[in-house]
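Secondary and tertiary structure notes
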Number of protein chains: 4
Amino acid sequence: MNLIARRKNEQQESTAVRVGDVIIGGPQLVVIAGPCAIESYEQILGTALEVQRLGASLLRGGAYKPRTSPYSFRGKREEGLEILAQVKALTGLPVVTEIMDARDLEEVAKVADMLQIGSRNMQNYTLLTEVGKSKLPVFLKRGLASTLEEWLYAAEYIMAEGNDQVVLCERGIRTFENYTRNTVDITAIPALKELSHLPVFLDPSHGTGRASLVSPVALGGIAAGADGLMIEVHPQPELALSDGDQSLDFEAFAELMERARPVAKAVGREI
Amino acid sequence: MNLIARRKNEQQESTAVRVGDVIIGGPQLVVIAGPCAIESYEQILGTALEVQRLGASLLRGGAYKPRTSPYSFRGKREEGLEILAQVKALTGLPVVTEIMDARDLEEVAKVADMLQIGSRNMQNYTLLTEVGKSKLPVFLKRGLASTLEEWLYAAEYIMAEGNDQVVLCERGIRTFENYTRNTVDITAIPALKELSHLPVFLDPSHGTGRASLVSPVALGGIAAGADGLMIEVHPQPELALSDGDQSLDFEAFAELMERARPVAKAVGREI
Amino acid sequence: MNLIARRKNEQQESTAVRVGDVIIGGPQLVVIAGPCAIESYEQILGTALEVQRLGASLLRGGAYKPRTSPYSFRGKREEGLEILAQVKALTGLPVVTEIMDARDLEEVAKVADMLQIGSRNMQNYTLLTEVGKSKLPVFLKRGLASTLEEWLYAAEYIMAEGNDQVVLCERGIRTFENYTRNTVDITAIPALKELSHLPVFLDPSHGTGRASLVSPVALGGIAAGADGLMIEVHPQPELALSDGDQSLDFEAFAELMERARPVAKAVGREI
Amino acid sequence: MNLIARRKNEQQESTAVRVGDVIIGGPQLVVIAGPCAIESYEQILGTALEVQRLGASLLRGGAYKPRTSPYSFRGKREEGLEILAQVKALTGLPVVTEIMDARDLEEVAKVADMLQIGSRNMQNYTLLTEVGKSKLPVFLKRGLASTLEEWLYAAEYIMAEGNDQVVLCERGIRTFENYTRNTVDITAIPALKELSHLPVFLDPSHGTGRASLVSPVALGGIAAGADGLMIEVHPQPELALSDGDQSLDFEAFAELMERARPVAKAVGREI
């Protein structure tokens, strides 16, 4: 593979991705936090203020939600983007939100500081090409059954359009093990740091699917060299419209942040 | 799952999907054949005439090709559709071709008698919704790591738009075994016939990735109850721009058809 | 791989395995049937007479049962072997039974006409070596997560001891799909026929884990070139001490045999 | 599952496993190091002295080696045990070595301070029962395709014989990803700490199969809560008779130990 996404040699500098004032891929370990889905203005504002206070640098929240069933809650869409815009204005937190349809790009780009491509769309080449053209930073989640090679090729679809602001996010792969929602491939983190110059994140929320396992796996990811974490946080996980089982409440998120700091420091990073 | 795609009870009649004059899901076992990608007018016409002569009822051929690398041959696009239109006019064979981008729907729908949704797009909900609205028959391939349940939900995205003309196509799933390109889940065929009223196809070309294994697996699929086969056929597989390793030449396809007839008959079907 | 188990060239004759008067790997398609576990003399005798009448050539039945939990029913052991010996004497059916411990070999060999190595023991090298030395025919099931290559190497452990009477049995591999107990790798059948000269069986009972799917998958296996089938049959599956969900009752087995004959004939075999 | 291996409630004390003077499962993070296979007295002595100096508490080394091919180097067997005994006497390091055959137990138990059950034998119930009876500590590796539940049941086979000195070792599972030898299931560590009171180790050498990835994954395991690490160390990995690709040389092992200390400290452990 002779790809733009590939690290040419050990000396090649790693790519830093800039989202608002936040630098991803530098010495600072970056935490993106927020709910799976945007449910209401109060939910997002409350969560944003709390995760910001606890050390998160970016806010996540889905307006468009890919759901296995067409009959599940599929997001508040334009209304969700509007809420995100308001909370961003109030808190100053840059926002990451998922785009599922190239035709929504203009609308989403008005609010999003970073565009998320979800697992199901990792090989949606239309979408990859369009976000490549947009020049906005892209948060590219790994496909459920994608090899590292296929993932880097997906990044290449974006980079081939002249957009080098790509962050790779490991979020668990599908295996035979069903105690957890997915199987976090922790080795993907150092493997990608060798293979590519792009920043690598870990999403232990989707990776594990169980709130009680999110923190230990998050710490594992930091120690293994991740450049950041994406964490699902919800004011009341038991009432969440999606992914409640894997969402941390504020208290658990606070505890994670506290435990993360010494681990980050132990591997030469800061939060 | 209380889905339109689900079989309500054993008495419920199976859905017949009509493509041109061809009925999928009836007593006739339907064979779709043709090359992976449309490469030239001569290639498509030659293949169409030959597979038609040998008993295929529909022609396949990709104008838009999803490829892992952005630098691979990605199909002849509009020019490919044009070739398809000409060959269809000449031979009378209805055509199945893949759609990757909802924005191409109008163009593709001018030629296609059935729209193929490829594995990578099985959960591209935008695309599913749009082909649902189109009312054209849809050939829905299973995602590489999709469960039967997720697959039926994908069909439901199409059917929820009022389009019940959906054919499910097993094309192999991703497992640890790497002697073959994918692992054909033969059990999916009878399982889906129980779970759903939709017709079920098998694509042993992608399923195995090896030409020498296509025929025995195709016969296995017929015996297990498949309503049809999708087979990659190329005049000169060794020169194919994609999927040459798994394509049958005319002679091998002729032999498959000959071997398929008695097997189909043994399970009460005809080709 | 330059192995005894490998087919040297297309001309090499396939190995025939002889079990009593039964030839496995010849034109005759061989059916092994019987319950998962030996529960009582009546159960085994009744099943043996019925499956024999319906066309099975060998009787299966486990005296030693590998069970995930140490607290599950683990077989009637010596008493089970005694039952098997009596039923064999009465019916003349050769018997296949599992050996789990090399130290039981002498005892088991007094009764068994073919020794079964179960999936969990496919890489139990001690056991493979000992059954190799025994010179009894060996029925080698594929490991849950074994590649074709590893499987042939397991056969090689037996053959390297001078025992070439080895039958390979595909029984499903472990994948992400959980609608079925395992995923039958149908392609393994023709792939092994190319790679090796050993006979290849299919066990659709363990492969699917659901009685309603056993027959269609069995037919698929025949059409794909299997040399035989291993089928779990129980007089009253709902009362079985193990594997009841996947066991056929006499009526379902009779129907399978009836449907199997024309399919076998369609691919040039007889039952 | 109402198993001895299961944690009854959050208050239940975790099991400490004592191997010589070493306590596994306490505040001390325990490192087991040494070569895959015992090749010579010099190799083992040199490695033992070096890993001891660098902080390892136990020595690993295989006298009996399970190998996929019967024609590969399968260990020095009795001669290997003899070497291990001498090096243990000289260095005072307790030793962990694999047992593959219940019939070797008496011989192996003369030297081994802890018996290793390898992945291929995780469901070799004969062997589990015998090591259960032996009362020696057991190092139980996870099967290649075993769920957490099946793994705990395997431990139960040992514990049901009255032996509660069991350590669980995650060593990677088999998935579709082939850049690495296996996929380390990092989440298994905290999941097992919740489900069971037994100590949990990580073997990043087999888990990754690549020396360059061993250290970051080892650090990840510590941060995720592992009670210890098993690391393959060889004086000259490029000359190793097995597993050279994944073995650390002395320098790399020294660096790992240095990096491990602050991470262990960050999660409240010591090395």
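Scoring rules and cut-offs
Residues numbered from 1 in each chain as written. Chains lettered and ligands numbered in written order. Predicted model: local features only at pLDDT ≥ 70, side-chain atom pairs only at ≥ 80, totals over all residues. Heavy atoms only, no water. Helix = DSSP H or I, 4+ residues; strand = E, 2+ residues; numbered from the N terminus. Rg over C-alpha atoms; globule rule 2.2 N^0.38 Å. Contact = heavy atoms within 4.5 Å. Lys, Arg positive; Asp, Glu negative; His and termini not counted. Charge placed at Lys NZ, Arg CZ, Asp CG, Glu CD. Buried area = accessible area lost by both parts, 1.4 Å probe. Salt bridge = Lys/Arg side-chain N within 4 Å of Asp/Glu carboxyl O. Polar contact = N/O pair within 3.5 Å; in protein donor to acceptor, adjacent residues only side chain to side chain. Nonpolar A, V, L, I, M, F, W, Y, C, P; charged D, E, K, R; others polar. Least-squares fit on C-alpha atoms with pLDDT ≥ 70 in both. UniProt positions renumbered as here; feature names shortened; annotations may be inferred. 1 Å grid on protein atoms, 1.4 Å probe; cavity = no way out; pocket = protein on both sides within 12 Å on 5 of 7 lines; lining within 4 Å. Points joined across faces, edges and corners; volume = space filled by probe spheres on them. Buried < 20%, exposed > 50% of the residue type's maximum accessible area, 1.4 Å probe, protein only. Pairing = 2+ DSSP bridges. Axes fitted to C-alpha atoms, helices over the stretch in contact; angles between N-to-C directions. Phe/Tyr/Trp six-rings, centres within 6.5 Å; stacked < 30°, edge-to-face > 60°. Lys NZ or Arg CZ within 6 Å of the ring centre and 35° of its normal. Core = buried A, V, L, I, M, F, W, Y, C linked by side-chain atoms within 4.5 Å. Left-handed = near helix turned anticlockwise from the far one by under 90°.

**Some points on the overall build of chain A**
Along its length, chain A carries nine helices and ten strands. Its C-alpha radius of gyration of 17 Å places chain A within 12% of the 18 Å reference for a compact globule of 271 residues. Expressed along its principal axes, the backbone C-alpha trace of chain A runs to roughly 45 × 45 × 40 Å. Nonlocal contacts in chain A, meaning residues at least 24 apart in sequence, comprise 70% of its contacts between residues at least 6 apart. Side-chain charges in chain A split into 28 positive and 36 negative, and the spacing between the mean points of these groups amounts to 2 Å.

**Some thoughts on the interface of chain D and chain A**
Opposite the 35 residues of chain D that make contact, chain A presents 35 residues. Taken together, the two surfaces of chain D and chain A that pack against each other cover about 2800 Å², and 71% of this comes from carbon and sulfur. On the chain D side of the contact with chain A, Phe-176, Tyr-179 and Thr-187 of chain D bury the most area, a combined 21% of that side's loss. Where chain D touches chain A, the interface holds two salt bridges. Salt-bridge contacts for Glu-177 of chain D lead to Arg-142 of chain A; the nearest nitrogen and oxygen are separated by 2.8 Å. Here chain D and chain A share six residue pairs in polar contact (both at pLDDT 80 or more) between them. For the side of chain D that touches chain A, the elements supplying multiple residues, two or more each, are α6 (188-195), α8 (211-223) and α9 (250-266) of chain D. Ranked by residues supplied to the side of chain D that touches chain A, first place goes to α8 of chain D with seven residues. For the side of chain D that touches chain A, the class distribution of residues is 21 nonpolar, nine polar and five charged.

**Observations concerning the relation of the copies chain D and chain A**
In screw terms, the move from chain D to chain A is a rotation of 180° and a rise of 0.0 Å along the axis, fitting with an RMSD of 0.0 Å. The relationship between the two copies is best expressed as a two-fold rotation axis. Within chain D, Gly-220 of chain D has its C-alpha nearest the rotation axis, a separation of 1.9 Å.

**Digging into the UniProt feature "domain: DAHP synthetase I/KDSA" (unreviewed entry) in chain A**
The sites that carry the UniProt feature "domain: DAHP synthetase I/KDSA" (unreviewed entry) are, in the present numbering, residues 17-258 of chain A. In residues 17-258 of chain A, the share of helix is 37% and the share of strand is 16%. The end C-alpha atoms are 25 Å apart.

**Here's the deal with empty space enclosed by the protein**
Tallying each qualifying case throughout the model produces seven cavities of 30 Å³ or more. Roughly 140 Å³ of internal volume is contained in the largest cavity. Lining of the largest cavity is provided by 16 residues; of these, Thr-175 and Phe-176 of chain A, Thr-175 of chain B together with Thr-175 and Phe-176 of chain C occupy positions nearest its centre. Residues of the lining of the largest cavity, tallied by class, amount to eight nonpolar, four polar and four charged.

**Some details on unusual backbone geometry**
Even without being a glycine, Asp-243 of chain B presents a positive backbone phi close to 60°. With a phi angle near 65°, Lys-135 of chain C is a residue other than glycine that sits in the positive phi range. Assignment of secondary structure puts Lys-135 of chain C in the loop between α4 (125-134) and β7 (138-141). Residue class for Lys-135 of chain C comes out partly exposed when judged on its relative accessible area of 47%.

**Points about helix α4 (residues 125-134) of chain B**
All names here are of chain B. Burial within α4 is extensive, with eight of its ten residues counted as buried. Among the residues of α4, those classed as buried are Tyr-125, Thr-126, Leu-127, Leu-128, Thr-129, Glu-130, Val-131 and Gly-132. Here the buried face of α4 lies against α3 (105-109), β6 (114-117), β7 (138-141) and α5 (148-159).

**Here we look at the pattern of salt bridges**
Residue and element names in this part refer to chain B. Enumeration according to the criterion identifies 67 salt bridges over all chains in this entry. A salt bridge links Arg-142 to Glu-170; the shortest N-O distance between them is 2.8 Å. Taken together, the residues Arg-142 in the loop between β7 and α5 and Glu-170 in strand β8 (residues 166-170) connect sequence positions 28 residues apart. Taken individually, Arg-142 and Glu-170 each receive the classification buried, so the pair is uniform in this respect. The partner of Asp-243 in a salt bridge is Arg-181, and the shortest N-O contact between them spans 3.0 Å. Taken as a pair, Asp-243 in the loop between β10 (228-232) and α9 (250-266) and Arg-181 in the loop between β8 and α6 (188-195) lie far apart in primary sequence, 62 residues in all.

**With respect to the environment of Asp-249 of chain A**
Residues and elements named next belong to chain A. Tracing the backbone shows Asp-249 in the loop between β10 (228-232) and α9 (250-266). Its relative accessible area of 32% is what places Asp-249 among the partly exposed residues. Put simply, Asp-249 and Val-233 are 16 residues apart on the chain and 5.7 Å apart in space, counted from C-alpha to C-alpha. Those residues in contact with Asp-249 that lie beyond four places of it in its chain are Val-233, His-234, Pro-235 and Pro-237. A polar contact is formed between the side chain of Asp-249 and the backbone nitrogen of Ala-252, at a distance of 2.8 Å.

**Overview of the pairing of strand β10 (residues 228-232) of chain C**
Residue and element names in this part refer to chain C. The buried fraction of β10 amounts to five of the five residues, a majority that puts the element mostly inside the structure. Neither face of β10 is left uncovered, since the one carrying Gly-228, Met-230 and Glu-232 and the one carrying Leu-229 and Ile-231 both have all their residues buried. Note: strand β3 (residues 30-34) against β10, five bridges, orientation parallel. In the sheet register, Val-31 faces β10, and the bridge partner there is Leu-229.

**Focus: the sheet that holds β7 of chain B**
All names here are of chain B. Strands sit in the order β3-β4-β5-β6-β7-β8-β9-β10 around a closed barrel of eight strands; the barrel is parallel. Averaged over all pairs of adjacent strands, the angle between strand axes in this sheet comes to 25°, irrespective of strand direction. As paired strands, β8 and strand β9 (residues 200-202) are joined by three bridges and run parallel to one another. Residue pairing for β9: Leu-168 is matched across the bridge by Val-200. Contacting β9 and β10, helix α8 (residues 211-223) runs over the sheet at an angle of about 165° to β10.

**Some details on the packing of aromatic side chains**
All names here are of chain C. Applying the stated criterion across every chain yields a total of eight aromatic pairs over all chains. Note on Tyr-125 and Tyr-157: the rings are 4.2 Å apart at their centroids and 15° apart in plane angle, and the pair reads as stacked. A residue pair is termed long-range when its members are at least 10 positions apart, and Tyr-125 in helix α4 and Tyr-157 in helix α5 (residues 148-159) qualify at 32 residues. By the burial criterion, Tyr-125 is buried, and Tyr-157 matches it. Here Arg-210 stacks its cationic end above the ring of Tyr-179, 3.8 Å away from the centre of that ring.

**Brief notes about the nonpolar core**
Counting residues in each nonpolar core, the largest one holds 313 residues, and the members touching the most others are Phe-253 of chain A, Phe-253 of chain B, Phe-253 of chain C together with Phe-253 of chain D. With sequence-adjacent residues up to four places away left out, Phe-253 of chain C is seen in contact with Val-31, Ala-33, Val-51, Leu-54, Ala-56, Ile-231, Val-233 and Leu-248 of chain C.

**Topic: the packing of helix α1 (residues 41-54) of chain C against helix α2 (residues 77-91) of chain C**
All names here are of chain C. The geometry of α1 relative to α2 is characterised by a closest axis approach of 10 Å and an angle of 35° between their N-to-C directions. The interaxial crossing formed by α1 with α2 has right-handed handedness. Within the contact between the two elements, α1 uses Tyr-41, Ile-44, Leu-45, Ala-48, Leu-49 and Gln-52 and α2 uses Ile-83, Leu-84, Gln-86, Val-87, Leu-90 and Thr-91. Per-class residue counts for the contact of α1 with α2 are nine nonpolar, three polar and no charged.

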